[in-house]
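Residue-level listing of the chains:
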Amino acid sequence: MPSLTDDLFSQLSGPALQQISQQLGASPAQTSGAIAAALPMILGAMGRNTAQPGGAEALLGALGRDHNGGGGLGDVLGAVLGGQQGRQTDGLGQLGHIFGGQLPRAENGLGQATGLGGDKAQMLLKILAPIVMAYLAKRMFGGQQEAASPQALGDILGREHAQVRQAGGVGGGLLGAVLDQDGDGQLGLGDLMKIGGGLLGGGR
């Protein structure tokens, strides 16, 4: 079974990738690489959150309240890029829940590792957060095999967190650098450049 990251990444190719790269003002190749780095970081962070007491319940509640019954990912992307206001499209609010006080480090780390820079990395994360939420809502409430329970949500996100860390690469490296350091705010730039080398070579 493909990881959530791989499944979602495959849905964000083609027209969706073109739209996001136009919004960022970056090439499709660079945007694709940045999405490939950002998705495991977002999903991995969510997996870590759902392992905390009450975390899975809170996330499931938000998915059911704000993201259930919305359109497909293309509709969500259109709403986000079109500037529609609402809880479903509030990328910054969602990122605050996902990363908490580590959000600036997530943005800077992604910007450094992908060459996008912090501002465009922030823009990309704000675009991706509502898409990830809509995707998870579809997984939980869309009649797929998982029953919508905090336990099930915690399980699939916990598996994803483990897979991201195991797979390493830029996403896994960023996840570790952002969430698992001692919180001194020092992102190891040398490490990021090492993991970024593979990314900038086009490897995922």
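Residues numbered from 1 in each chain as written. Predicted model: local features only at pLDDT ≥ 70, side-chain atom pairs only at ≥ 80, totals over all residues. Heavy atoms only, no water.

1. Description of the pattern of salt bridges
Spelled out, the test is: Here, a salt bridge means any Lys or Arg side-chain nitrogen found within 4 Å of an Asp or Glu carboxyl oxygen. Strands are runs of DSSP state E lasting at least two residues, helices are runs of H or I lasting at least four, and both sets are numbered from the N terminus onward.
According to the stated counting rule, one finds 2 salt bridges in the structure shown. Between Asp66 and Arg65 there is a salt bridge, with its nearest N and O atoms 3.1 Å apart. Asp66 is the salt-bridge partner of Arg87, the closest N and O atoms lying 2.7 Å from each other. Of this pair, Arg87 sits in the loop between helix H5 (73–81) and helix H6 (91–99) while Asp66 sits in helix H4 (residues 55–67), and the two are 21 residues apart along the sequence.

2. A short note on the packing of helix H3 (residues 28–50) against helix H10 (residues 169–179)
Worth spelling out the cut-off: All axes here are fitted lines through C-alpha atoms, helices being fitted over the stretch that makes contact, and every angle between N-to-C directions spans 0 to 180 degrees. Roughly parallel here means an angle under 35 degrees, roughly antiparallel means over 145, roughly perpendicular means 65 to 115, and every remaining angle is called oblique. Should the near helix be turned anticlockwise from the far one by less than a right angle, the crossing is left-handed, and should it be turned clockwise, the crossing is right-handed. Whether two residues are in contact is decided by their heavy atoms: any pair within 4.5 Å suffices. Note that Gly is not counted as nonpolar here; it falls among the polar residues with everything else outside the nonpolar set of Ala, Val, Leu, Ile, Met, Phe, Trp, Tyr, Cys and Pro and the charged set of Asp, Glu, Lys and Arg.
Two elements in contact, H3 and H10, have axes whose closest approach is 8 Å; the angle formed by their N-to-C orientations is 45°. As summarised for this structure, H3 and H10 are arranged oblique, according to the angle between their axes. Note that H3 runs across H10; the crossing there is right-handed. Mapping the contact onto sequence places Ala37, Pro40, Met41, Gly44, Ala45 and Arg48 in H3 and Val170, Gly171, Leu174, Leu175, Val178 and Leu179 in H10. Grouping the constituent residues of the contact of H3 with H10 by class yields 9 nonpolar, 2 polar and 1 charged.

3. What about the environment of Gly78?
Using the following cut-off: With a 1.4 Å probe rolled over the protein chains alone, any residue whose accessible area is under 20% of its type maximum counts as buried; one over 50% counts as exposed, and the rest are partly exposed.
Structurally, Gly78 is set in helix H5. On the basis of relative accessible area, Gly78 is assigned to the partly exposed category, the value being 35%. Sequence spacing of Gly78 and Gln19 is 59 residues, and the spatial spacing of their C-alpha atoms is 8.8 Å.

4. Remarks on the packing of H3 against helix H7 (residues 103–114)
Put simply, H3 and H7 touch, their axes get as near as 10 Å, and they point 145° apart. For H3 against H7, the interelement crossing comes out right-handed. In contact with Gln30, Ala34, Ala37, Ala38 and Met41 of H3, H7 contributes Ala106, Leu110 and Thr114. Per-class residue counts for the contact of H3 with H7 are 6 nonpolar, 2 polar and no charged.

5. Here we look at the nonpolar core
One recurring pattern in soluble globular proteins is that nonpolar side chains are buried together. Heads up, the condition is: Only buried Ala, Val, Leu, Ile, Met, Phe, Trp, Tyr and Cys residues count toward a nonpolar core, and they belong to the same one when joined by side-chain atoms within 4.5 Å.
Among the nonpolar cores identified, the biggest contains 60 residues, and Ile35, Met46, Phe99, Leu110, Leu124 and Leu136 are the most heavily contacted of them. Broken down by element, this core gets its largest block of residues, 14 residues, from helix H8 (residues 118–141). Aside from chain neighbours lying at most four places away, what touches Leu136 is Leu4, Leu43, Met46, Leu63 and Leu157.

6. Topic: helix H2 (residues 15–24)
Keep this limit in mind: Arc definition: directions from the helix axis to the C-beta atoms.
Every buried residue of H2 is listed here: Ala16, Leu17, Ile20, Ser21 and Leu24. Projected onto a plane normal to the axis of H2, the buried residues spread over an arc of 125° and lie on a single side. Of the residues in H2, the exposed ones pointing more than 90 degrees away from the buried face are Pro15 and Gln22. Considering only its buried residues, H2 is in contact with helix H1 (4–11), H3, H5 and H8. Looking at the residues trailing H2, positive phi occurs at Gly25, about 70°.

7. Digging into H1
All buried positions along H1 are accounted for by Leu4, Thr5, Leu8 and Phe9. The buried residues of H1 occupy an angular sector of 125° when projected down its axis, which confines them to one face. Where the residues of H1 are buried, they touch H3, H5, H8 and helix H9 (150–167).

Just distances and angles here, no functional claims.
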